[in-house]
Amino acid sequence: MSLDSITEQIAHFVGTFELTTEQARLRDQYEEFTALRRQAELEELADPTKIKVSANLNVEAGAHKLLPYKFAAPQADVSLPPAAPEQLQLFDASPGFFFGLNFSLPEGFVGSSVQFNMVLKPEFIFELVGSAVTYTFQKLYLTDNDTIGEGDFRDVDALMEHGDGLFAVAMSLHATLPPSIHIEDYLSGTAVEELIERMQSPANTEFEGAEIHQFHGEDAVGIIVNGEHVDELPDFEELLPANLKNDEEDGVEDDTPSPWPAEWDQSEDPEFADGHSVVAGGNLAINEVAVTVSWIDAPNILVGGKATNLTVFNQVAVVSDVDEGEPGVQSQTHVVQSSEIAVEASEAPWLKDKVEDTGQGSYVAVDWISGDMLVTNFIKQVIDATDIDQIATKVTATSTAYTLGENILTNVTNILQLGSFYDMIIVGGDMTSVDAVSQTIVLSDNDVVHGAKPTEAEDNLVMNQVSLTTTGEDTHEKLSETLAEVIPLQEVDTEALEDALLNDPMFAGTELVRVLKIEGDLLQVNHVEQVTVLQDDDDVYVDAPHGKEVAALGAGNAILNSAHVKKMGVDSVIRAKEEEYSDLLLHQASIFEDAMEEKTEIISEAVALMMEELDAPGKSEHAPGHNKLTKSEMAGIDDGLQSMLS
């Protein structure tokens, strides 16, 4: 009777397992047998053989004779060799590295010897820098919807749909869409042209009640907080809600050992403190990016094409904080959006030690890159958290503590790129520099609290923070005809390139000229996209006996999007063959819904409109579980919410 394929595989597996087990068992028996036999052989041997070496090392006095040694007699004065009557110079006699070689000449030549001064060009070997490309995607999803007891709670699905609508409103408040993350779009020029067009005519969605600030060009330089120029940046840690700050212990610690077991000591644990508390908020969400780039730079840069420098910052915050309950239940939300753009001059340190023109020879060391050079960092951080807690309870114990929130979510990215500096960088194509940061925060903290007293920490903190610090100022000058002829030279024309640079006045007196020649484009991009969405809509119903107070924390949340880009270089003079373009845009927008009826109606109408126009998940036919599109079809849909949170 033949077995089916599955039964046969199982049979083979069982047989193989038994053979392997038996093999291991036999190996153990063999090793034990070998050890016993070896032990029996060693027991029959006598004591190990001992070898003794004796030597008389005592030398009697006078028996040891030293080897005879005499100093050589002083020689008579030796005359110097006769000077050569004539020198034949076969190579360039300019001061440099040379080896002197003497050769005898046949009869018929004037003189008896000739000295050849061979000037050898030194070979400088440096580590060639290449492209540096990074892609970083960090996403955190949290669903912490707790339900304790039964009560007249709000519908969770309806609350989440409202949060989706808030996110749609936030995305519509951006002045420009996030630029492409595909390098091909930048090399082709498509992404750069689209970004320039959007920066020249940024979108201004007219939402009544929305606060929008825009700064162009030099107006965006400096420290700007919530649309105003200030002297100092706000500190996130100092503004944190009281419940999220680290408690510092004051006073002298008592080192006296306790007579009771350690597990009995519950004095330092707040969970066992006297009283009653319900914590439904206290969430902390942080997206943090720090990028330091010092890859390539030079005091002189030649560009055969266009020189473009774009900086665009988008900061958007949408907050809905409407609480219901006894007097004092309404929490406060602080919205802070800060930007810092600074440029610091930094002269190339090696220029201070420049050798004066004393007739010394100069040398040129060229690093060649045949294609494009890329220094790009694409970073995307997403936090999508839902902490909708619902509790209905009756307090009967001596002390009670319900902790339903206090979630901590963190995305952190640190990038450090260190390369080389040159005296000149020659770019055959275009030189493009783009720094784009997009920050979005959505907080929904609409709580319903009955039977509990709010704590003093009923504050929320929402902060978007961005900074761009550049070390090294760039100035633009006209490209001369002599330097323009250098740009198209190829690697086969190395000697022509060296001669042209050595004859240029800017390198007069320089002993060594280091040059980076890029035959293609130079692309430098720092693209950061940060999105944080937190829904903390809580329902708290507490039935406490008369005389007992219950402290409730429905807020106390803190959200931070922080992006710091530091570009370290030197003061540069850029000479481009074609046009030079530079632009800077800072956009700060926020919309806040609090307990005031006017603002509540405004944002509610905006949410309804956005969910209708953008086809947000509020519609049943597009709710989760009702989408019949395939993954490939969904990837082609131009949906801002899907692209940001996917």
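Procedures and definitions
Residues numbered from 1 in each chain as written. Predicted model: local features only at pLDDT ≥ 70, side-chain atom pairs only at ≥ 80, totals over all residues. Heavy atoms only, no water. Helix = DSSP H or I, 4+ residues; strand = E, 2+ residues; numbered from the N terminus. Buried < 20%, exposed > 50% of the residue type's maximum accessible area, 1.4 Å probe, protein only. Contact = heavy atoms within 4.5 Å. Phe/Tyr/Trp six-rings, centres within 6.5 Å; stacked < 30°, edge-to-face > 60°. Core = buried A, V, L, I, M, F, W, Y, C linked by side-chain atoms within 4.5 Å. Pairing = 2+ DSSP bridges. Arc of directions from axis to C-beta. Polar contact = N/O pair within 3.5 Å; in protein donor to acceptor, adjacent residues only side chain to side chain. Salt bridge = Lys/Arg side-chain N within 4 Å of Asp/Glu carboxyl O. Patch = residues over 30% accessible without salt bridge, like charges linked within 9 Å, V, L, I, M, F, W, Y side chains within 5 Å. Areas by Shrake-Rupley, 256 points an atom, 1.4 Å probe, with all protein chains shown as cover. Axes fitted to C-alpha atoms, helices over the stretch in contact; angles between N-to-C directions.

Draft legend 1. Seen up close, the overall build of the protein chain. Within the protein chain one finds 11 helices and 31 strands. Looking at the protein chain as a whole, 40% of its 646 residues are labelled buried. Counted over contacts in the protein chain with a minimum sequence separation of 6, partners at least 24 positions apart contribute 90%.

Draft legend 2. Spatial organisation of the packing of aromatic side chains. All told, the structure shown has 6 aromatic pairs when counted by the stated rule. Taken together, a centroid distance of 6.4 Å and an interplanar angle of 15° make the contact between Tyr135 and Phe137 stacked. The class of Tyr135 is partly exposed, set by a relative accessible area of 39%. Here the aromatic rings of Tyr135 and Phe378 are separated by 4.8 Å at their centres, their planes lie at 15°, and the arrangement is stacked. Taken together, the residues Tyr135 in strand E3 (residues 132-143) and Phe378 in strand E15 (residues 373-386) connect sequence positions 243 residues apart.

Draft legend 3. Molecular detail of unusual backbone geometry. Positive phi, normally seen in glycine, also occurs at Asn226, with a value near 50°. Turning to its location among the elements, Asn226 is positioned in the loop between strand E6 (222-225) and strand E7 (228-229). Using a relative accessible area of 30% as the deciding quantity, one classes Asn226 as partly exposed. Here Glu406, not a glycine, exhibits a phi torsion of approximately 55°, which is positive. Here Glu406 lies in the loop between strand E17 (399-403) and strand E18 (408-421). With a relative accessible area of 46%, Glu406 lands in the partly exposed category.

Draft legend 4. Region of interest: the nonpolar core. Counting residues in hydrophobic clusters, the biggest one holds 38 residues, and the most contacted among them are Trp295, Ile296, Met373, Ile425, Leu516 and Ile518. No other element matches strand E9 (residues 284-297), which puts 5 residues into this core. Once residues lying within four places of it in the same chain are set aside, the contact partners of Ile296 are Val129, Met373, Ser420, Tyr422, Ile425, Leu516, Ile518 and Leu522. Grouped together as the second largest cluster of nonpolar side chains are 17 residues, Val364, Ile426, Leu501 and Val513 included.

Draft legend 5. Geometry of the pairing of strand E28 (residues 550-553). Relative to E28, strand E8 (residues 275-279) runs parallel, the two being bridged by 4 bridges. When the sheet's bridge partners are listed, His276 is paired in E28 with Val550. Here strand E22 (residues 453-454) runs beside E28; their pairing, made up of 2 bridges, is parallel. Paired with Lys453 across the bridge in E28 is Ala551.

Draft legend 6. Region of interest: helix H4 (residues 190-200). What H4 keeps buried is the set Ala191, Val192, Leu195, Ile196 and Met199. Each buried residue of H4 lies within a common arc of 130° when the element is viewed along its axis, so the set occupies one face. Exposed side of H4, more than 90 degrees from the buried face: Glu193, Glu197 and Gln200 are the residues found there.

Draft legend 7. View of the sheet that holds E18. Strand order in the open sheet formed by 7 strands is E7-E6-E13-E23-E29-E9-E18, and the pairing between neighbours is mixed. Either end of the sheet is taken by a strand with one partner, and the two such strands are E7 and E18.

Draft legend 8. Broad picture of the side chain of Asn300. Following the sequence through the fold, Asn300 ends up in strand E10 (residues 300-303). Here Asn300 falls in the buried class, since its relative accessible area comes to 13%. Looking at Asn300, its side chain comes within polar contact range of the main-chain oxygen of Asp423, at 3.5 Å. In this structure the side chain of Asn300 is engaged in a polar contact, spanning 3.4 Å, whose partner is the side chain of Arg575. Residue contacts for Asn300: discarding those within four places in its chain leaves Asp423, Met424, Ile425, Met506, Phe507, Val573 and Arg575.

Draft legend 9. Region of interest: the pattern of salt bridges. Enumeration over the complete set of coordinates arrives at 6 salt bridges. One salt bridge connects Glu194 with Arg198, and the closest N-O pair in it is separated by 3.9 Å. In this pair, Glu194 and Arg198 are both assigned in helix H4, 4 residues apart and thus about one turn of the helix distant. For Glu194, a relative accessible area of 38% corresponds to the partly exposed category. The residue Arg514 makes a salt bridge to Asp367 at a minimum N-O spacing of 3.9 Å.

Draft legend 10. Broad picture of a nonpolar patch on the surface. A grouping of Ile6, Ile10, Phe13, Val14 and Phe17 is seen on the molecular surface, where their side chains present a nonpolar patch of about 540 Å² in accessible area. Mapped onto the elements of the fold, Val14 is located in helix H1 (residues 5-44).

Draft legend 11. Quick look at the environment of Gly209. When you line up the elements, Gly209 lands in the loop between H4 and strand E5 (211-216). With relative accessibility at 46%, the residue Gly209 sits in the partly exposed group. Sequence separation between Gly209 and Ile591 is 382 residues; the distance between their C-alpha atoms is 6.5 Å. Dropping the residues within four chain positions of it, Gly209 is found in contact with Ser590 and Ile591.

Draft legend 12. Expanded view of the sheet that holds strand E31 (residues 580-593). The strand order across the open sheet formed by 7 strands is E3-E15-E26-E20-E11-E31-E5, and the pairing between neighbours is mixed. Every other strand in the sheet has two partners, leaving E3 and E5 as the edge strands with one partner each. Put simply, the sheet's adjacent strands are angled 5° from each other on average, direction ignored. Where strand E20 (residues 431-444) lies against strand E26 (residues 522-535), 14 bridges are found, and the strand directions are parallel. Looking at E26, one finds that Gln439 is bridged to Gln530. Along the sheet, helix H2 (residues 156-172) makes contact with strand E11 (307-320), E15, E20, E26 and E31, crossing E20 at roughly 150°.

These values are about where atoms sit, not about what they do.
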